[in-house]
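As a plain string of letters, each chain reads:
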Amino acid sequence: MPALSDFAAKIAPPLDPLPFYAPSGVECALFEHAYRNQLPVLLKGPTGCGKTRFVAHMAARLGRPLYTVSCHDDLTAADLTGRHLLKGGETVWVDGPLTRAVREGAIVYLDEVVEARKDVTVVLHPVTDDRRVLPLERTGELLAAPAEFMLVASYNPGYQNVLKTLKPSTRQRFVSIQFDFPDPDAEVAIVAHESGLATDRCVPLVRIANALRDLKGQDLEEGASTRLLVYAATLIRDGVKPEIAIEAALLHPLSDDPEVLKALARVADLAF
Ligand code: ADP
């Protein structure tokens, strides 16, 4: 009789397929070159335009584990490197995601890195320059990053926040890849793929999103993202009336101001 572990191995699901990512330029090749040459990468672009999906796709393609950290204004260096915790009466050191990624030769993705506290940049500097080391003051270790380790960060320069911008000394440690919303045909294909809505029904949604994006800087801080388009299309595919889905997923997430929302609705009506 086969051992239970043999049986488990036979019914184990196949490895996850590559996360779907539609490239819009040379970003995949550029990322691979950066990875092979141990260069850190900064992804710049508006929210919801595919940066996170791109990293997931590239990590799977390169066969590396991926640690994603959504940075926020309370995130400290210790949240990335690790800390001593009390476990069963004993104090034990627990690695943070950056330390784990360095030890395992993984890719670590710091989403919206400018949101993090200032001390985070201090730990990033030695792993992002040619030293490629992570000093852990608390444990006295100096970890040398293996060739497979890669640091990727993202940043949305569109937010007009002078206090939250990357310092040149940090920005100049990264190869930068610029992201933007895909061109209309590519975006229609992405939205159809992600939502399951027929391509011809995605066309007017993408048209509306582009009309709304043209308002950026006038009434809006950010235009409608590809993510919001996928939400709208998903609702429509599930039977929600297009005008309701558009209002809920494309217009209301953009503003809280009733007058601005009225203007956005007019723009959407004209583009539909
Ligand atoms: P960001 O990290 O830039 O905020 P995401 O990567 O989370 O944005 O993208 C939001 C969603 O938009 C994804 O979950 C995916 O459904 C879709 N998307 C955007 N761009 C692409 C693309 N180029 N290929 C595939 N899906 C995309």
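Residues numbered from 1 in each chain as written. Predicted model: local features only at pLDDT ≥ 70, side-chain atom pairs only at ≥ 80, totals over all residues. Heavy atoms only, no water.

1. Remarks on the pattern of salt bridges
When charged atoms on two side chains of opposite charge get close, those side chains can pair. One pass over the structure, following the stated rule, counts 12 salt bridges. The closest approach of N and O atoms between aspartate 95 and arginine 103, which form a salt bridge, is 2.6 Å. Here aspartate 95 falls in the buried class, since its relative accessible area comes to 17%. Among the charged side chains, a network of salt bridges with common partners joins Glu32, Arg36 and Arg61. (Salt bridge = Lys/Arg side-chain N within 4 Å of Asp/Glu carboxyl O. Buried < 20%, exposed > 50% of the residue type's maximum accessible area, 1.4 Å probe, protein only.)

2. Examining the packing of aromatic side chains
Here the structure, examined in full by the defined rule, presents 3 aromatic pairs. Note on tyrosine 21 and phenylalanine 54: the rings are 5.2 Å apart at their centroids and 55° apart in plane angle, and the pair reads as tilted. On the criterion of sequence distance, the pair formed by tyrosine 21 in the loop between helix H1 (4-11) and helix H2 (27-36) and phenylalanine 54 in helix H3 (residues 51-62) is long-range, its members being 33 residues apart. Phenylalanine 54 sits in the buried class, given a relative accessible area of 0%. Taking the centre distance of 5.4 Å and the plane angle of 85° together, the rings of phenylalanine 31 and phenylalanine 54 count as edge-to-face. Of the two residues, phenylalanine 31 is situated in helix H2 and phenylalanine 54 in helix H3; the sequence distance between them amounts to 23 residues. (Phe/Tyr/Trp six-rings, centres within 6.5 Å; stacked < 30°, edge-to-face > 60°. Helix = DSSP H or I, 4+ residues; strand = E, 2+ residues; numbered from the N terminus.)

3. What to know about the environment of leucine 134
Residue placement: leucine 134 occurs in strand S6 (residues 133-136). In this structure leucine 134 comes out as buried when scored by relative accessible area, which is 0%. Ignoring sequence-local partners within four residues, the contact set of leucine 134 consists of Thr81, Leu98, Thr99, Val102, Val123, Val127, Glu141, Leu142 and Leu143. (Contact = heavy atoms within 4.5 Å.)

4. Concerning H2
For H2, every residue scored as buried is listed here: Glu27, Cys28, Phe31, Ala34 and Tyr35. One side of H2 carries all its buried residues, which in axial view fall inside an arc of 125°. Buried residues belonging to H2 abut strand S1 (41-44), H3, strand S5 (107-111), strand S8 (150-155) and strand S9 (175-178). Two residues or fewer after H2 comes glutamine 38, characterised by a positive phi angle close to 60°. (Arc of directions from axis to C-beta.)

5. Side note on the sheet that holds S5
Strand order in the open sheet made by the 5 strands is S2-S5-S8-S1-S9, with parallel pairing throughout. Each edge of the open sheet carries a strand with a single partner, namely strand S2 (66-70) and S9. Each strand axis lies, on average, 20° off the axis of its neighbour in the sheet, ignoring direction. For S2 and S5, the ladder comprises 5 bridges, and the chain directions are parallel. (Pairing = 2+ DSSP bridges. Axes fitted to C-alpha atoms, helices over the stretch in contact; angles between N-to-C directions.)

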